[in-house]
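This is what each chain is made of:
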Amino acid sequence: MNKVINMMLKVNKLSKSFERKRILEDISLQLEAGEVLVIIGPSGGGKTTLLRCINGLEKSDNGTIIIDNIYLCRDHNNKSIYASPKEMKSIRQKIGMVFQNYNLFPHMSVVENIIEAPINVLGLSKDDAINRAYSLLKNVGLEDKKDSYPFQLSGGQKQRVAIARALCLNPKILCLDEPTSALDPELREGIANIIGKLADKGMGILIITHDMDFAKRVATRVISMKEGRIVKEAQKEDFFSEFEDNRVRRFMIL
Amino acid sequence: MLSYIYTLLPSIGDGLVVTLKVFALTLVFSIPLGIIVSILRIWNIKPISRITELYVWVMRGTPLMLQVVFIFFGLPVVGITFDRFTAVIIAFVLNYAAYFGEIFRGGIESIDKGQYEAAKVLGLSSYRTFTRIILPQMFKIVLPSIANEVITLVKDTSLVYIVGIGELLRAGKIASNRDASLVPLVLVGVVYLLLTAIFTIVFNKIEKKYSYYE
């Protein structure tokens, strides 16, 4: 069990219902450092809810979530018991989130979007935070946009700002919700490169998408979900070689 | 004619000072109080939001003049006494805070919930989220409605005559009755128009300042 050291995320037997409707059923998965785990599946399959549970925006009913060896929630007598607000604060720093519609702060410039959390959560000085923001913007190729406002950016640029912002607290895990939904093909390649580089540096990447081509491009491992359950999990090569299998294909087209 | 207007200026000027005092004090206190009202109104704790709702209903549901009268003449009955000016300011602040509170609430509620979620996953505290993310965006949204209220307030200040405070309109009326002339009232009307013009320009400037983002 040497691998535990590198385990960035572990989800065990997670379930969640909304008004008696089961959204997640008995979900278990793990994410190692340097891995790009892609969760695919039709909309309404529970992918988004799973992601929202992992980044603490929703609370699961039962099951366990461990992020970088800290319990976000722990199953106790078939109920998820959540971390204290103080623990929550340190867990949040370990996990970066890129929303589907980016949710940038429209009244703040690109650099202000990025420095807000380092200053207020980590207590960095403004100069240090700005230096950090510049190097993050450099990594996503947007140094020249540092003083722009979100409305002045294209969709792809906004997304890269959102990635830079999600990385501003040096997280161990980066989550991306449907990262290609608003991008044209060239931009997909760019985002795939950024994701690949981050994984090479040892970050755990969790992506939910229904874009099969993109999954094929970036994933190291693939999980497919349907009706709140994991229906298939495999390394990328195995997953996509079996993808030709009719049953899987039919489900994907749905 | 010009010399007649000239003789009116001192009393109109005194009235204007009182009007501006009521106006400024009301704004200075009612806007922060309005923010608090909007927060209490949105608060998840039922009794608090209910009490705030009741307050808003009473303040918006009765005439401002009645509220002034109640605070100045009514409260002494139960042993709470204010001087005229304080009573007027309390009534105006309570009344306008209710209106501002509802405007702010609308502004806050129109902000996309993704903004809260982004702040949350970044680990910003609720206080930070409110002051750095929500409030600045809310102000931009509500500015036109606030401008409207401010201009209404300029004219509402004329209600303070009810407790015997001499303000702009009262100064005009006194001169008008004394001299059997409409000129003082026209003059007062012009002063109100000028005030409104100034505040309109000020608010246009502020709106422009906020237009750096969309």
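Everything quoted here is computed from the prediction, not taken from an experiment.

Quick notes on the overall build of chain A
Step number 1: Counting secondary structure elements, chain A contains nine helices and eleven strands.
Step number 2: Here the C-alpha radius of gyration of chain A, 18 Å, is about what a compact globule of 254 residues would show, namely 18 Å.
Step number 3: Considered along the principal axes of its C-alpha atoms, chain A spans approximately 50 × 45 × 40 Å.
Step number 4: In chain A, buried positions account for 42% of the 254 residues.

Observations concerning the overall build of chain B
Step number 1: On a plain count of helices and strands, chain B comes out with eight helices and zero strands.
Step number 2: Along chain B, helices and strands appear, N-terminal first, in the series α-α-α-α-α-α-α-α.
Step number 3: Projected onto the principal axes, the alpha-carbon positions of chain B cover approximately 70 × 50 × 20 Å.
Step number 4: Across the 214 residues of chain B, 31% fall into the buried class.
Step number 5: Relative to all contacts within chain B whose residues are 6 or more apart in sequence, the contacts with residues 24 or more apart total 75%.

A few points about the sheet that holds strand β2 (residues 21-32) of chain A
Residues and elements named next belong to chain A.
Step number 1: Read across the open sheet, the five strands follow the order β2-β1-β4-β5-β6; overall the sheet is antiparallel. A single partner strand is all that each edge strand has here, and the edge strands are β2 and β6 (79-82). For this sheet, the mean inter-axis angle between neighbouring strands, taken without regard to orientation, is 20 degrees.
Step number 2: One ladder, built from three bridges, connects strand β4 (residues 62-67) with strand β5 (residues 70-76); its direction is antiparallel. Following the sheet pairing, I65 is matched in β5 by C73.
Step number 3: Strands β4 and β5 of the sheet are contacted by helix α2 (residues 85-94), whose axis makes an angle of about 120 degrees with β5.

Description of the interface of chain B and chain A
Accessible area lost during the coming together of the parts is what is often quoted as the interface size.
Step number 1: Each side of the interface is counted separately: chain B has 17 residues, and chain A has 19 residues.
Step number 2: Put simply, the parts of the chain that give the side of chain B that touches chain A at least two residues each are α5 (113-121) and α6 (126-156) of chain B.
Step number 3: A total of six residues in the side of chain B that touches chain A trace back to one element, the largest contributor, which is α5 of chain B.
Step number 4: Residue classes in the side of chain B that touches chain A are distributed as eight nonpolar, four polar and five charged.

Remarks on the sheet that holds strand β3 (residues 36-40) of chain A
All names here are of chain A.
Step number 1: The strand order β7-β8-β9-β3-β10-β11 describes an open sheet built from six strands, whose pairing is mixed. On the outer flanks of this sheet lie β7 (95-98) and β11 (229-235), each paired with one strand and no other. This sheet shows a mean twist of 15 degrees between the axes of neighbouring strands, independent of strand direction.
Step number 2: Note that β3 and strand β10 (residues 221-226) share four bridges and pair parallel. When the sheet's bridge partners are listed, I40 is paired in β10 with S224.
Step number 3: In the packing of helix α1 (residues 47-54) onto the sheet, contacts are made with β3, β8 (173-177), β9 (204-209) and β10, and the angle to β8 comes to roughly 150 degrees.
Step number 4: In the packing of helix α5 (residues 155-166) onto the sheet, the strands contacted are β7 and β8, and the crossing angle to β7 comes to about 165 degrees.

A look at the packing of helix α3 (residues 110-120) of chain A against helix α4 (residues 126-139) of chain A
Residue and element names in this part refer to chain A.
Step number 1: Running from N to C, α3 and α4 point in directions that differ by 130 degrees, and their axes come no closer than 9 Å. Relative to α4, the element α3 lies oblique. The handedness of the crossing between α3 and α4 is right-handed. Where α3 abuts α4, its residues V111, I114, I115, P118 and I119 lie against K126, A129, I130, R132, A133 and L136.
Step number 2: Considering only residue class, the contact of α3 with α4 consists of nine nonpolar, no polar and two charged.

Looking at the pairing of β10 of chain A
All names here are of chain A.
Step number 1: Pairing between β10 and β11: six bridges, direction antiparallel. Note that in β11 the partner of S224 across the bridge is K232.
Step number 2: Remark: two residues form the turn of the hairpin made by β10 and β11, two consecutive strands paired antiparallel; E227 in that turn has positive phi of roughly 45 degrees.

Quick look at the pairing of β5 of chain A
Residues and elements named next belong to chain A.
Step number 1: In textbook terms, the turn of a hairpin is the stretch between consecutive antiparallel strands, and for β4 and β5 this stretch comprises two residues, one of which, D68, has a positive phi near 45 degrees.
Step number 2: Of the strand pairs in this sheet, β5 and β6 are connected by four bridges, and their pairing is antiparallel. Residue pairing for β6: C73 is matched across the bridge by Y82.
Step number 3: The hairpin turn running from β5 into β6, its antiparallel successor, is two residues long, and N77 in that turn takes a positive phi close to 50 degrees.

Remarks on the environment of E233 of chain A
Residue and element names in this part refer to chain A.
Step number 1: Within the secondary structure, E233 sits in strand β11.
Step number 2: Assessed through the 16 C-beta atoms surrounding it within 10 Å, E233 is described here as partly exposed.
Step number 3: Expressed as a C-alpha distance, the spacing of E233 and T48, which sit 185 residues apart in the sequence, is 17 Å.

Topic: the confidence of the model for chain B
Step number 1: Mean pLDDT over chain B works out to 94, with 100% of the residues at or above the 70 mark.
Step number 2: Predicted as a complex, the structure gets a pTM of 0.86 and an ipTM equal to 0.89.

Description of unusual backbone geometry
All names here are of chain A.
Step number 1: A positive phi angle, near 45 degrees, is found at E19, a position not held by glycine.
Step number 2: Along the chain, E19 turns up in the loop between β1 (7-18) and β2.
Step number 3: C-beta crowding within 10 Å serves as the criterion here: with 5 such atoms nearby, E19 is assigned to the exposed category.
Step number 4: With a phi angle near 70 degrees, N69 is a residue other than glycine that sits in the positive phi range.

Description of the nonpolar core
One broad rule of soluble globular proteins: the nonpolar side chains tend to lie buried together.
Step number 1: V38, A164, I173, L174, C175 and I205 of chain A are the most contacted members of the largest nonpolar core, which has 76 residues in total.
Step number 2: Apart from the residues within four sequence positions on either side, I205 of chain A is in contact with V36, L37, L174, I195, L198 and A199 of chain A.
Step number 3: If you look at the next biggest cluster of nonpolar residues, it comprises 34 residues, including V22, F23, V37 and M138 of chain B.

A word on α4 of chain A
Residues and elements named next belong to chain A.
Step number 1: With 14 residues, α4 extends 20 Å between its outermost C-alpha atoms, agreeing within 8% with the 20 Å of an ideal straight helix rising 1.5 Å per residue.
Step number 2: For α4, every residue scored as buried is listed here: A129, R132, A133, L136 and L137. The buried residues of α4 occupy an angular sector of 135 degrees when projected down its axis, which confines them to one face. Along α4, exposed side chains directed more than 90 degrees from the buried face belong to D127, S135 and K138.
Step number 3: Among the structural elements, α3 and α5 are those in contact with the buried residues of α4.
Step number 4: Note on α4: the residue one or two positions beyond its end, G141, has a positive phi of about 70 degrees.

Conventions and cut-offs
Residues numbered from 1 in each chain as written. Chains lettered and ligands numbered in written order. Predicted model: local features only at pLDDT ≥ 70, side-chain atom pairs only at ≥ 80, totals over all residues. Helix = DSSP H or I, 4+ residues; strand = E, 2+ residues; numbered from the N terminus. Rg over C-alpha atoms; globule rule 2.2 N^0.38 Å. Buried ≥ 20, exposed ≤ 12 C-beta atoms within 10 Å, placed from the backbone. Contact = placed C-beta atoms within 7 Å. Pairing = 2+ DSSP bridges. Axes fitted to C-alpha atoms, helices over the stretch in contact; angles between N-to-C directions. Nonpolar A, V, L, I, M, F, W, Y, C, P; charged D, E, K, R; others polar. Parallel < 35°, antiparallel > 145°, perpendicular 65-115°, else oblique. Left-handed = near helix turned anticlockwise from the far one by under 90°. pLDDT = per-residue confidence, 0-100. Core = buried A, V, L, I, M, F, W, Y, C linked by C-beta atoms within 7 Å. Expected span 1.5 Å × (residues − 1). Arc of directions from axis to C-beta.

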